[in-house]
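# Understanding the architecture of this molecule
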Amino acid sequence: MQGRSHTVSKRSLLAGLLLAVLFVLLQPGSTRAATVGGSYTITMTPSSTELHAPPDGTTSSSFGVVNEGKTGYNMTLSVAPYRVVGDDYNPQFTLLPGKTDASKWIHFNAPSTQYLAAGQTQNISYTLDIPPGTAPGGYYAVIFAENEPPPSRGVISHNRVGDILYITVDGPVLKQGSLLATQLPHLFLGSSLPLSLIIRDTGGLHFLTTVNLDATSATGRTAFQASLQRYVLPQTQRLVTTTWVHVPLFGLYKINRSAVVAGQVQTLPAQWVVFIRPWLLIPGVLVVLGVVTIGIKRLKRHCLKPQKPKNEKTNVRH
Amino acid sequence: MRWPYQRKITIAAGLAGMSLLIIPAAASASTADTTVSSVISPVISLLSSSGTVNLNATPTGSGVQTIASDTVTVSTNDSAGYTLKLGETGVSSALTSGGNTIPAVSGTQASPVAETANSWGYRVDGVGGFGAGPTSAASNQAIASTKFAAIPATGSPDTLVTTSTTASSATTTVWYGVAVNTSAVSGTYTNDVTYTATAN
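Predicted model only: the values in this text are computed from it and were never measured.

Moving on, we get to unusual backbone geometry. The omega angle of the peptide bond from A:Thr45 to A:Pro46 is 0°, so this bond is cis rather than trans. Within the secondary structure layout, A:Pro46 lies in the loop between β1 (40-45) and β2 (48-53). Residues B:Gly133 and B:Pro134 are joined by a peptide bond in cis, for which omega reads 0°. Considering the arrangement of structural elements, one finds B:Pro134 in the loop between β8 (119-123) and β9 (138-141). In the Ramachandran plot, A:His246 falls in the positive-phi region, its phi being about 55° despite a non-glycine side chain. Positionally, A:His246 belongs in the loop between β17 (236-245) and β18 (250-261). One non-glycine residue, B:Asn140, adopts positive backbone phi at about 55°. Take B:Asn140: it is sitting in strand β9. Overall, the relative accessible area of 31% leaves B:Asn140 in the partly exposed class.

This part is about a positive patch on the surface. Among the surface-exposed residues, A:Lys297, A:Arg298, A:Lys300 and A:Arg301 lie close enough to one another that they form a single positively charged patch. Judged by its relative accessible area of 60%, A:Arg301 falls in the exposed class.

All right, on to the interface of chain B and chain A then. Contacts between the two partners involve 43 residues from chain B and, on the opposite side, 38 residues from chain A. Both faces considered, chain B and chain A share a buried interface measuring about 3200 Å² in area, 50% of it formed by carbon and sulfur atoms. At the boundary of chain B and chain A, one finds 27 residue pairs in polar contact (both at pLDDT 80 or more). Secondary-structure elements contributing two or more residues to the side of chain B that touches chain A are β1 (44-48), β2 (52-53), β4 (82-88), β12 (167-180) and β13 (190-199) of chain B. Counting residues per element, the side of chain B that touches chain A draws most heavily on β13(B), at 10 residues.

Next up on the list: the pairing of strand β3 (residues 64-76) of chain B. Within a regular strand, side chains alternate between the sheet's two faces. Residues and elements named next belong to chain B. Judged by how many residues are buried, β3 sits mostly within the fold: 11 of 13 residues are covered. Pairing analysis gives five bridges linking β1 to β3, with the strands arranged antiparallel. Residue Leu46 lies in a different strand from β3, and its bridge partner there is Val74. In this structure, β3 lies alongside β9, joined through two bridges in antiparallel fashion. For Ile67, the partnering residue across the bridge sits in β9 and is Ala138.

Another aspect to go through is the sheet that holds strand β13 (residues 187-188) of chain A. Residue and element names in this part refer to chain A. Strand order in the open sheet made by the five strands is β13-β19-β18-β15-β16, with mixed pairing throughout. The sheet is open, and its two borders are formed by β13 and β16 (222-232), each paired with just one other strand. Inspection of the sheet shows strand β15 (residues 207-217) paired to β18 by seven bridges, in the antiparallel sense. What sits directly across from Asp214, in β18, is Asn256.

With that settled, the discussion passes to the environment of A:Pro81. Residue and element names in this part refer to chain A. As for its placement among the helices and strands, Pro81 is situated in strand β4 (residues 73-81). Pro81 sits in the buried class, given a relative accessible area of 12%. Considering only alpha carbons, one finds Pro81 and Thr45, 36 residues apart in sequence, at a separation of 19 Å. Non-local contacts of Pro81, meaning those with residues more than four positions away in its chain, are made with Gln92, Phe93, Thr94, Leu95, Asp101, Ser103, Tyr140, Ala141 and Val142.

Residue and element names in this part refer to chain A. With respect to the helices and strands, the residue Thr209 is situated in strand β15. Residue Thr209 is classed as buried on the basis of its relative accessible area, which comes to 0%. A distance of 2.8 Å separates a polar side-chain atom of Thr209 from the backbone oxygen of Val260. Beyond its immediate sequence surroundings of up to four residues, Thr209 is in contact with Ile199, Leu228, Gln229, Arg230, Val232, Ala259 and Val260.

Glancing now at the nonpolar core. Counting 60 residues, the largest nonpolar core has B:Leu84, B:Tyr122 and B:Tyr176 as the members making the most contacts within it. Residues in contact with B:Leu84, not counting those within four places in the same chain, are B:Leu46, B:Val72, B:Val74, B:Asp158, B:Thr159, B:Leu160, B:Val161, B:Thr172, B:Tyr195, B:Thr196 and B:Ala197. In this structure, A:Tyr140, A:Val211, A:Leu213 and A:Tyr253 belong to the second largest nonpolar core, which totals 37 residues.

In this section: the packing of aromatic side chains. Residues and elements named next belong to chain A. Applying the stated criterion across every chain yields a total of 14 aromatic pairs over all chains. Consider the rings of Phe93 and Phe144, whose centres lie 5.1 Å apart with planes at 90°: the pair is edge-to-face. Within this pair, whereas Phe93 is found in the loop between β6 (90-92) and β7 (106-108), its partner Phe144 is found in strand β10 (residues 137-148), the two being separated by 51 residues in sequence. Judged by its relative accessible area of 11%, Phe93 falls in the buried class. Note on Phe144: relative accessible area 1%, which makes it buried. With a centroid separation of 5.7 Å and 80° between ring planes, the pair formed by Trp244 and Tyr253 is classed as edge-to-face. Each member of the pair, Trp244 as well as Tyr253, is classed as buried.

Our focus in this paragraph is the sheet that holds strand β12 (residues 177-181) of chain A. Strands pair in a sheet through their backbones, by hydrogen bonds, and they do so in one of two ways: parallel or antiparallel. All names here are of chain A. Read across the sheet, three strands follow the order β12-β14-β17 without closing on themselves; strand pairing throughout is antiparallel. Looking at which strands have only one partner, the edges of the open sheet turn out to be β12 and β17. Averaged over all adjacent pairs, the angle separating strand axes in this sheet is 25°, with direction ignored. Note: strand β14 (residues 192-201) against β17, 10 bridges, orientation antiparallel. The partner of Ser192 across the bridge, within β17, is Val245.

Rules behind the numbers
- Residues numbered from 1 in each chain as written.
- Chains lettered and ligands numbered in written order.
- Predicted model: local features only at pLDDT ≥ 70, side-chain atom pairs only at ≥ 80, totals over all residues.
- Heavy atoms only, no water.
- Helix = DSSP H or I, 4+ residues; strand = E, 2+ residues; numbered from the N terminus.
- Buried < 20%, exposed > 50% of the residue type's maximum accessible area, 1.4 Å probe, protein only.
- Patch = residues over 30% accessible without salt bridge, like charges linked within 9 Å, V, L, I, M, F, W, Y side chains within 5 Å.
- Areas by Shrake-Rupley, 256 points an atom, 1.4 Å probe, with all protein chains shown as cover.
- Salt bridge = Lys/Arg side-chain N within 4 Å of Asp/Glu carboxyl O.
- Lys, Arg positive; Asp, Glu negative; His and termini not counted.
- Charge placed at Lys NZ, Arg CZ, Asp CG, Glu CD.
- Contact = heavy atoms within 4.5 Å.
- Buried area = accessible area lost by both parts, 1.4 Å probe.
- Polar contact = N/O pair within 3.5 Å; in protein donor to acceptor, adjacent residues only side chain to side chain.
- Pairing = 2+ DSSP bridges.
- Core = buried A, V, L, I, M, F, W, Y, C linked by side-chain atoms within 4.5 Å.
- Phe/Tyr/Trp six-rings, centres within 6.5 Å; stacked < 30°, edge-to-face > 60°.
- Axes fitted to C-alpha atoms, helices over the stretch in contact; angles between N-to-C directions.

Take a look at the structure:
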């Protein structure tokens, strides 16, 4: 009886352990839910929208705001100008003097402040009204959705997410751009190579560019390939970068860079790069050092060896 | 005896002919293309760990410092990544309690400074001129040389993070610090800050 109860308790223990393991394995999903529930979260979709309308025209669109948390809050909608600074496209939400403020063209078809219950998704429609006489081209704004945390003390954080509006005012507009090469090394000793290029929009309208970066070996085998899509705003240039991680230990590779610029494929001249890791050079350096050392030693021995006169040699023979 | 065979052959040939007529139709039906399209909308989400960071301090004559953190989490399926910024929600950069204030430090993200008594600020390890850190939480400790910056105005927020690919629950730890001495008037001080996440 004792042995049997021992077996039963062993089985119970095993079953318990299995349940515990299952419980632990099932945890990540519920952990995330708990984390989300313990804080204020705000989600917006889409995060960017393309809009088109003629001057004096109107168009409409919508976005969704989701409260994935477990606490309801008041959500506030606002619109701000959108522009970028620098090659790295640092976003700015202020208007440059003398520029048209496209954020004033957006009108929400819902109250700008509303309560968003836990787990609720709110779809909000809006209208874009282009003023008459607006010059054709690209204009930019961002719609913000922001949660209003309850009054508290200390540092109170508001969370704000944006839907960037790429607005095209229809009409004749120059669409053009170019590619600029960034410098690539001819010899690379590292393990991750940054690959990049600059796309310049010299026209009056934004475009969505597709950048293709790849590396092929001397035999034509593709060792790396990346395709990236980015918006480029008019009269700006954008640095598009990716990283080729874990480059080959040794080899010669051709880097090809191209992009679709304002609807036209443009290609930069290919560049060859030699890859080698510094530690691979060590055996070679050692061999060279060894050869040089042996050579020097032999030379020294040869120089130091006393040269016997010819007559002395003759005497020895006799 | 031959006639029935001929009839059978005729019927078989007829059936074969019919099948030939039917098969192409059936074949063309089976190769009709069906395009399944699915548009995955770009989404961006932002959450901060608590909504409130408490910087409680019990001042001394020489001054004490309290440092606490907020964790900001961003997720986006936008392949261009995201940019996370931090700025003031309102016009004041000071911690305010009624008519009393604790002003922000004089430092900026590019040139942060160590806090002096009766000042407050933020820092993110490894960003701008803050240095690598790591920053640790502190409560009523002697004022350290850890560098802080003032939270910029709403219109010109500081960039905390910028990425170039999709992000799944990418976290950024933002540290807030306050240094006070006994000249700071007691009270409950607050300041509202805004984290902004946009797709790149």
